Structures are given as structure tokens and as C-alpha cells.
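# Inside the fold
Each chain, letter by letter, is given below.
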Amino acid sequence: METLQETTARRTDAGAIPVIDFGPFLHGGAEDRKAVAAAMRQASADWGFFYLANHGVPEPLLDRSFQASRRFFALPYEEKMGVAWQSASSNRGYVAVRRERLDASKPGDLKEAFNAGPEPAEDSLAEEERPYRENRWPARPEDFRDTVLDLMDGCVAAANRVLEAFAVALDLPDGFFIDTHDQLHHTLRLLHYPPLPKGYTPQAGEKRAGAHTDYGSITLLFQHGVAGLEVRTRSGEWITAPPIPGTVVVNTGDLMQRWTNDVFCSTPHRVSPFVSGDSPGRYSIAFFCHPNPDAEIRCIESCADADHPSRYPPILAGEHLMAKLNATY
Ligand SMILES: O=C(O)CCC(=O)C(=O)O
Ligand SMILES: [Fe+2]
């Protein structure tokens, strides 16, 4: 990854990163679908980020999920460590504060997380795969597993529609990306950035989440009230991406950048502590879409021509993901 400058983000209103209404894609005709897909293509090329309104994940389910998240992270440390993250190959369970470094050159992140994955029917999984696909559920809170799995279903459904829109945008068959994600190797991640004591002085470069790009194809990011997400523009400036009620942030990851030969960008982003003034606790939920591990990610035809030849050799999605996870834990 290129060097990421240590600069303070410019405070912006929410006007900079595009807000796209997904409604016409979900409920409209062919022209509506094309228009929404074109707006997503433009936003993914200019920013690698957009806000999506009418995304289809029900608000009551999101409220329930943030409540479950709050209650889980409020448990004693020892109890959370009872379901601790164990390996990159399973990538599930609880990740304690400072355990992960999203920017490997910086101190560990001031955040804790809980990762879960979809639970496909056991008989659909190869024997050797099963141990890696087992979630680590805590005994409390009581409704935790049901809530997280309900949200997982909602996110898979919404992400598939976004992937369908991307296919439309890139002149591919509607099911192109959905089919290459059908083994459901996604990760749903509850995130908690604990409140920082008043007057807290971060160590050099310390962040709530260090600057990084996401590893997979697309990410859906639900923010809950408190700002902190910062996005690096193509010109290298950091801007804030505050929560906008009723929307989800969608960003394109490394594999989508490779697939599209840099037409869509995998944009560095981070979560900063507020260094002056209050740093209230912050909760967010990210859904990382990962193509099937054996999917070969190679330049999509409509993204290359004589002036823009293919820039990346083909890569297996699973190998890319393992290399990234092993570098950050
Ligand atoms: O919490 C956020 O707003 C961003 C989290 C993030 O970028 C990530 O976990 O990859
Ligand atoms: Fe991220």
C-alpha cells in the first residue's frame, strides 16, 4: 500500500460524497436501473465511496443490531475473550482493543470488534471447511445470535442487489458478481470504539482504525450517530464522512479495484479519535463482501482497451484475503 500522509481531515458537511437513492433500481424499470447503476459507477470511480438511501435493510433490524452490539461490548473483558478471534482462516469472534492494526506502521487500533460469518447448511460445506465456518457465539446477550444472523441475511440481500447494479454498470450479465459470491464468505463485523478519557493524548499516529483499504469487493458500513470515519480523496486530502440517517455507506475494496482495472477505486479510509474535545464511544457495523475463495479475479473486459491495458495479473480471491488478514493481526 502506498504511504498515507498523516494529516488532519478537513471537516466537511455530508455534501461531498454522493448520496444515491437505490429505490429506482429496486423498484423501477430498465432505464431507472441503468441510471442508478451509472451513478454508482461514477461515484465508485471518483470516490470509491457513496451513501446509499433506500438500501433495503430495515431500520428496526438495524436498531436491534446496534442494541445487541452495545450489550455485547458492555460484557466483562474475560467473557468477551471466551469467544476470542483465533485465526485468519476463520476470522470469527471477538477482537480486543489494540489487537488489530489496520495500518501496520501504526499502534494497534483503539477499537474492539466481533466478527461473524453466514452459516450455510452444514451439508453444503466440504468436511475440511466446516471448522473455519463456525461462528463463536457468546452466551449473552440472549438474542445476540438471532439478531446478528438476521442482520447477516439483510446484508447479504442488500449487497447482492448492489452487486447486481455493479454488473449493470459494467455491461456484465446481471448475475456476474452475485454468482462469484455465492459461497457466502462474507464477514459481518460489529465495531465499538470505546470513549476516550478527557485529555487523552493519542500516541503518534494512533487511530481508532488506522488508514487502510478494504480487502474484498464491496463493504456496507452502517454508522450509528457518532462521526469519525474519514476518507482520502483521489487528490490525497482527508475528508470526514459523517453518518447520514437512513443511509448506508458503500465502498469498493481491493478486489473490485483489481476486477475493474482501477475504474473503481479502493479508497483509503480511517477512523480518527477526536483529539480536542470529547471522544464519545462510537458503534458501527461493517459487512465485508468477499468473493468465493476460488474465484479468479481478472480484469473485466469492459474495463480494458488499447489505451488502458490490464494492470494486474489474475489473483485468487481467497489468497488475497488471507495475505491481508495475516498482515494486520
Ligand atoms: O467504523 C467505521 O466507520 C469504519 C470501519 C472500517 O473502515 C473497517 O472496519 O474496515
Ligand atoms: Fe474499512
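First, a word on what this report is: a plain description of the structure on this page. (Residues numbered from 1 in each chain as written. Chains lettered and ligands numbered in written order. Predicted model: local features only at pLDDT ≥ 70, side-chain atom pairs only at ≥ 80, totals over all residues. Heavy atoms only, no water.)

## Remarks on the environment of Arg130
- Counting through the fold element by element, Arg130 comes out in the loop between strand E4 (112-116) and helix H5 (144-169).
- Judged by relative accessible area, Arg130 falls into the partly exposed class, the value being 23%.
- On a C-alpha basis, the gap between Arg130 and Pro120 in space is 9.8 Å, while along the polypeptide they are 10 residues apart.
- Beyond its immediate chain neighbours, meaning those up to four positions away, Arg130 contacts Glu122, Asp123 and Leu125.
- Side-chain polar atoms of Arg130 contact the backbone oxygen of Leu125, separated by 3.2 Å. (Helix = DSSP H or I, 4+ residues; strand = E, 2+ residues; numbered from the N terminus. Buried < 20%, exposed > 50% of the residue type's maximum accessible area, 1.4 Å probe, protein only. Contact = heavy atoms within 4.5 Å. Polar contact = N/O pair within 3.5 Å; in protein donor to acceptor, adjacent residues only side chain to side chain.)

## What to know about the coordination of the iron ion (ligand 2)
- Around the iron ion (ligand 2), the protein contributes the donor atoms His212 (NE2), Asp214 (OD) and His269 (NE2), at 2.1 to 2.2 Å from the metal centre.
- Within one chain, the residues donating to the iron ion (ligand 2) are spaced in sequence as H-x1-D-x54-H. With Asp214 in the loop between strand E6 (209-212) and strand E7 (218-223) and His269 in strand E11 (residues 269-271), the pair connects residues that are 55 residues apart, well separated along the chain.
- Take His269: its relative accessible area is 6%, and that puts it in the buried class. (Donors = N, O, S within 2.8 Å, 3.2 Å for Na, K, Ca; no water.)

## Digging into unusual backbone geometry
- The omega torsion of the bond from Arg140 to Pro141 falls at -15 degrees, within 30 degrees of zero and hence cis.
- The residue Pro141 is located in the loop between E4 and H5 in this model.
- A positive phi is found at Asn261, a non-glycine position, where the angle reads about 55 degrees.
- Within the secondary structure, Asn261 sits in the loop between helix H7 (254-259) and E11.
- In this structure Asn261 comes out as buried when scored by relative accessible area, which is 6%.

## Quick word on the nonpolar core
- Membership of the largest hydrophobic core comes to 62 residues, with the highest contact counts inside it found for Met40, Leu52, Phe166, Phe177, Leu220, Phe222 and Phe287.
- Counting residues per element, this core draws most heavily on H5, which supplies 16 residues.
- Apart from the residues lying within four places of it in its own chain, the contact partners of Phe166 are Met40, Ser44, Phe50, Phe177, Ile218, Thr252, Met256 and Phe264.
- Of all hydrophobic cores here, the second largest spans 24 residues; its members include Ile239, Val249, Ala286 and Leu321. (Core = buried A, V, L, I, M, F, W, Y, C linked by side-chain atoms within 4.5 Å.)

## Quick word on the site of ligand 1
- Residues in contact with ligand 1, as listed here, are Leu191, Tyr193, His212, Asp214, Leu221, Leu229, His269, Val271, Arg282, Ser284 and Phe288.
- In the model, an oxygen atom of ligand 1 is placed 3.0 Å from a nitrogen or oxygen of the His269 side chain.
- Notes on ligand 1: free accessible area 300 Å², of which the protein chains cover 96%.
- According to the grid-proximity analysis, the pocket containing ligand 1 is the largest cavity.
- Listed by contribution, the elements that provide at least two residues to the shell around ligand 1 are strand E5 (187-193), E11 and strand E12 (282-288).
- Among the elements that take part in the shell around ligand 1, E12 stands out by supplying 3 residues, more than any other.
- For the shell around ligand 1, the class distribution of residues is 6 nonpolar, 3 polar and 2 charged. (Near = heavy atom within 4 Å. Areas by Shrake-Rupley, 256 points an atom, 1.4 Å probe, with all protein chains shown as cover. 1 Å grid on protein atoms, 1.4 Å probe; cavity = no way out; pocket = protein on both sides within 12 Å on 5 of 7 lines; lining within 4 Å. Sits in = over half its atoms within 2 Å of the grid points. Nonpolar A, V, L, I, M, F, W, Y, C, P; charged D, E, K, R; others polar.)

## Focus: the pattern of salt bridges
- Applying the stated rule across the entire model yields 20 salt bridges.
- A salt bridge links Asp262 to Arg311; the shortest N-O distance between them is 2.4 Å. Of this pair, Asp262 sits in the loop between H7 and E11 while Arg311 sits in the loop between strand E13 (296-297) and strand E14 (315-316), and the two are 49 residues apart along the sequence.
- If you follow the salt bridges from partner to partner, you end up with Arg33, Arg161, Glu164 and Asp174 in one network. (Salt bridge = Lys/Arg side-chain N within 4 Å of Asp/Glu carboxyl O.)

## Quick word on the side chain of Thr328
- Considering the arrangement of structural elements, one finds Thr328 in helix H8 (residues 317-328).
- The class of Thr328 is buried, set by a relative accessible area of 8%.
- Among the polar contacts made by the side chain of Thr328, one reaches the main-chain carbonyl oxygen of Lys324 at a distance of 3.1 Å.
- Residues within four places of Thr328 in sequence aside, it is in contact with Arg99, Glu100, Arg101, Leu102 and Tyr215.

## Quick word on the packing of helix H3 (residues 59-73) against H5
- For the pair H3 and H5, interaxial distance at closest approach is 9 Å and the crossing angle is 135 degrees. Overall, the two elements H3 and H5 adopt an arrangement that is oblique. As H3 packs across H5, the resulting crossing turns out to be left-handed. Where H3 approaches H5, its residues Leu61, Leu62, Arg64, Ser65, Ala68 and Phe72 are matched on the opposing element by Phe144, Thr147, Asp150 and Leu151.
- Split by residue class, the contact of H3 with H5 holds 6 nonpolar, 2 polar and 2 charged. (Axes fitted to C-alpha atoms, helices over the stretch in contact; angles between N-to-C directions. Parallel < 35°, antiparallel > 145°, perpendicular 65-115°, else oblique. Left-handed = near helix turned anticlockwise from the far one by under 90°.)

## Some remarks on empty space enclosed by the protein
- Counted according to the given criterion, the structure contains 2 cavities of 30 Å³ or more.
- The volume enclosed by the largest cavity comes to roughly 350 Å³.
- Along the wall of the largest cavity there are 30 residues; nearest its centre are Leu102, Arg189, His212, Asp214 and Phe288.
- Broken down by secondary-structure element, the contributors of at least two residues to the lining of the largest cavity are E5, E6, E7, E11, E12 and H8.
- Tallied by class, the residues present in the lining of the largest cavity amount to 14 nonpolar, 10 polar and 6 charged.
- Size it by volume and the second largest cavity reaches roughly 30 Å³. (Points joined across faces, edges and corners; volume = space filled by probe spheres on them.)

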